[in-house]
Amino acid sequence: MRKYFIQTFGCQMNEHDSEIIAGMLCEKGMEEAASPDEAQVIIFNTCSVRENADKRFFGTLGQVKKKKKTEPETIVCVCGCMMQQQHIIDTVKEKYPWVDIIFGTHNIHEFPKLLDSVISVRERQIDVWPEGREIVEGLPSRRLFSCKALVNIMYGCNNFCTYCIVPYTRGRERSRKPENVIGEVKDLVADGVREVMLLGQNVNSYRGDGDTDFAELIYRLDEIEGLDRIRFMTSHPKDLSDRLIKAFGECSSLCKNIHLPVQSGSSRVLEMMNRRYDRDRYMELVDKIRETVPQITISSDIMVGFPGETEEDFLDTLDLIERVRYDSAFTFLYSPRKGTPAAEAEDQIPEEIKHDRFNRMVDLINTISAEKNAAMEGKTEDVLVEGISKQKPDNLAGRTDGFKLVNFRGDASLIGKIVPVRITKGKTFSLEGEII
Ligand code: 5AD
Ligand code: SF4
């Protein structure tokens, strides 16, 4: 077993779990394969937020069958959020007999043990924990980027938004101890990391210990010498504290960017979603944040087609988008998830209406993004150089403090450095620039 290949679906949490899985395999002396064809161990880390991801996963799993026929020694592993649902485990067991290992979101640290068992006894291993137990610290990680790192500060979610499967697949909220988070970040900085992205389904409800809430954690991390940038994801608007808003003004390494998912601009829909804020409260928050940090960039997750959403509700969403003027937004078509309350609702929205609303929403968001990016032309931004550009291989790519992607010419020796870049062109999804 020399090489592994991991395919990750879904959010940053899953990305980071995959980094940990890769870290554990590297500790076993394995290396990453460039493609599944070259790998002896293939891992699919799945997402269950939307039905599309389910379908894509089963499609990909079907393709592995061929490899398993010609190379029966290949070990196929599936993990992630989908595996926390019994009906999915049952489907994999029944219809995909070539899968060797199934594990869940709560026991990724057990993966090396499961792998050893499959190798020694050649028998399928299934181990999924229904709930999270004590947080396991000190797992290795093989980072996707050398200069920036994902750091979990908490796991799970207690919010039970009525459309969302996450509370069922990731369990209840559990926070890491601040010493463990701070210790990990210090180690990362010593390893060359300049930016950390703190991860949690709802970082605002972080409770490290009696004194350390999320804002306090930021203040403590801000003191770490050599750490240039702190980001976090995701904030639930209902829990965003004044102290955190203040931290944007006071903590120099806290990036001036916030991802603040609104989901809908209609108070009626927000209530049906169990979001526990309304449209006015959300707008007040945005105003307060912008008063403290005028240059802040704001992004969102926004959904159309929630059961019972009327044209009027949808127009409220468009109106909110126009008022907030997001820098960018992830857009979603509501997708019923088995086991969630909204999936049981009778007034599901027909597909063509959902798609029509989706297209209108995306057009508006893109127009605003393009306008905001165009307004940056001529300005100079500090850019953390992350690597070679995916779009243009002779360019470098990096991010501004506000999380905007910038492509520009430069030498690969700049990767990992923060450089001043003058923005020459603002496009819908990225910026072009030149190093000063
Ligand atoms: N259908 C569509 N989008 C969803 N999201 C979560 N659950 C669903 C669903 N059932 C979106 C929300 C969330 C983001 C991560 O995924 O907008 O913020
Ligand atoms: Fe899902 Fe809501 Fe929790 Fe986010 S806050 S993970 S949308 S239940």
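Each value, and the rule that gives it
Residues numbered from 1 in each chain as written. Chains lettered and ligands numbered in written order. Predicted model: local features only at pLDDT ≥ 70, side-chain atom pairs only at ≥ 80, totals over all residues. Heavy atoms only, no water. Axes fitted to C-alpha atoms, helices over the stretch in contact; angles between N-to-C directions. Helix = DSSP H or I, 4+ residues; strand = E, 2+ residues; numbered from the N terminus. Parallel < 35°, antiparallel > 145°, perpendicular 65-115°, else oblique. Contact = heavy atoms within 4.5 Å. Buried < 20%, exposed > 50% of the residue type's maximum accessible area, 1.4 Å probe, protein only. Pairing = 2+ DSSP bridges. Salt bridge = Lys/Arg side-chain N within 4 Å of Asp/Glu carboxyl O. Domains from an automatic or database assignment. Buried area = accessible area lost by both parts, 1.4 Å probe. Polar contact = N/O pair within 3.5 Å; in protein donor to acceptor, adjacent residues only side chain to side chain. Nonpolar A, V, L, I, M, F, W, Y, C, P; charged D, E, K, R; others polar. Near = heavy atom within 4 Å. Areas by Shrake-Rupley, 256 points an atom, 1.4 Å probe, with all protein chains shown as cover. Core = buried A, V, L, I, M, F, W, Y, C linked by side-chain atoms within 4.5 Å.

J.: Would you take a moment to explain the packing of helix α10 (residues 279–292) against helix α11 (residues 311–324) for this structure?
T.: Relative placement of two packed helices is described by the angle separating their axes and the distance separating the axes. Where α10 contacts α11, the axes come no closer than 11 Å and their chain directions differ by 10 degrees. Compared by their axis directions, α10 and α11 come out roughly parallel. Two secondary-structure elements touch here, α10 through Arg 279, Tyr 282, Met 283, Val 286 and Arg 290 and α11 through Asp 316, Asp 319, Leu 320, Arg 323 and Val 324.

J.: So what exactly am I meant to see when it comes to unusual backbone geometry here?
T.: Each neighbour pair has its own omega, and for Met 233 with Thr 234 the value is 5 degrees, a cis peptide bond. Looking at the element boundaries, Thr 234 is found in the loop between β11 (229–233) and α8 (242–250). Residues other than glycine seldom take positive phi values, yet Gln 263 does so here, at roughly 70 degrees. By relative accessible area, which is 7% here, Gln 263 ends up buried. Phi at Asn 274 takes a positive value of approximately 60 degrees, unusual for a residue other than glycine. Looking at the element boundaries, Asn 274 is found in the loop between α9 (267–272) and α10. Judged by its relative accessible area of 27%, Asn 274 is partly exposed.

J.: So what exactly am I meant to see when it comes to the sheet that holds strand β12 (residues 257–259) here?
T.: Strand pairing in a sheet is mediated by backbone hydrogen bonds. Such pairs are either parallel or antiparallel. Pairing is parallel in the open sheet, where three strands are placed in the order β12-β13-β14. Of all strands in the sheet, those with a lone pairing partner are β12 and β14 (328–333), marking the two edges. Here the average twist between neighbouring strands, direction ignored, is 10 degrees. Bridge analysis of β12 against strand β13 (residues 297–304) gives three bridges, and the strand direction is parallel. Note on β13: the bridge partner recorded for His 259 is Ser 299.

J.: How should I be thinking about the pattern of salt bridges in this particular structure?
T.: Pairing between side chains becomes possible if they bear opposite charge and their charged atoms approach one another. In this structure the tally under the stated criterion is 36 salt bridges. Note that Glu 137 and Arg 176 form a salt bridge whose closest N and O atoms lie 2.6 Å from each other. One end of the pair, Glu 137, is in the loop between β6 (125–127) and β7 (148–152); the other, Arg 176, is in the loop between β9 (174–175) and α6 (178–190), with 39 residues separating them in the sequence. By relative accessible area, which is 30% here, Glu 137 ends up partly exposed. Taking relative accessible area as the criterion, Arg 176 reaches 5% and is therefore assigned buried.

J.: Honestly, the domain arrangement of the protein in this entry has me stumped. Any pointers?
T.: In many reports, interface size means the accessible area that the parts give up when they come together. Here the domain parsing of the protein yields domain 1 (3–127), domain 2 (143–255), domain 3 (258–375) and domain 4 (380–435). Spacing between the C-alpha centres of domain 2 and domain 4 amounts to 25 Å. With ten residues of domain 2 at the contact, the number on the domain 4 side is 13 residues. Both sides of the domain 2 and domain 4 interface together cover about 940 Å² of buried area, and 55% of this is carbon and sulfur. On inspection of domain 2 and its partner domain 4, the count reaches one salt bridge. Linking domain 2 to domain 4 there are six residue pairs in polar contact (both at pLDDT 80 or more). Those elements giving two or more residues to the side of domain 2 that touches domain 4 turn out to be β10 (195–199) and β11. Its residues placed into classes, the side of domain 2 that touches domain 4 shows four nonpolar, no polar and six charged.

J.: Got a minute to help me understand the site of ligand 2 in this structure?
T.: For ligand 2, the full set of nearby residues is Cys 157, Asn 159, Phe 160, Cys 161, Tyr 163, Cys 164, Val 166, Pro 167, Gln 201, His 236 and Arg 275. Here the residues of the shell around ligand 2 are counted per class, giving seven nonpolar, three polar and one charged.

J.: Got a minute to help me understand the site of ligand 1 in this structure?
T.: Lining the immediate surroundings of ligand 1 are Val 49, Arg 50, Tyr 163, Gln 263, Asp 301, Met 303, Phe 332, Leu 333, Tyr 334, Ser 335 and Arg 337. Taking Ser 335, its main chain carries an N or O atom lying 2.8 Å from a nitrogen atom of ligand 1. The protein chains hide 86% of the 400 Å² of surface that ligand 1 would expose on its own. The class makeup of the residues in the shell around ligand 1 is six nonpolar, two polar and three charged.

J.: Help me out: how do you make sense of the nonpolar core in this one?
T.: A general tendency of soluble globular proteins is for nonpolar side chains to be buried together. Core analysis: the biggest nonpolar cluster contains 70 residues, and Leu 198, Phe 214, Ile 218 and Phe 232 have the highest contact counts within it. It is helix α7 (residues 214–222) that contributes the most residues to this core, six residues altogether. Of the domains in this structure, domain 2 (143–255) and domain 3 (258–375) are the two that each give at least three residues to this core. Leave out the neighbours within four places in its chain, and Phe 232 touches Met 197, Leu 198, Val 203, Phe 214, Ile 218, Leu 244, Phe 248, Leu 254 and Ile 258. Judged by nonpolar contacts, the second largest core, of 23 residues, contains Phe 5, Ala 39, Met 83 and Ile 88.

J.: Looking at this model, I keep getting lost on the environment of Ala 374. Mind explaining?
T.: Following the sequence through the fold, Ala 374 ends up in helix α13 (residues 351–374). According to the relative accessible area criterion, Ala 374 is partly exposed, its value standing at 34%. Each C-alpha atom, one on Ala 374 and one on Lys 425, is 6.5 Å from the other, the two residues being 51 residues apart in sequence.

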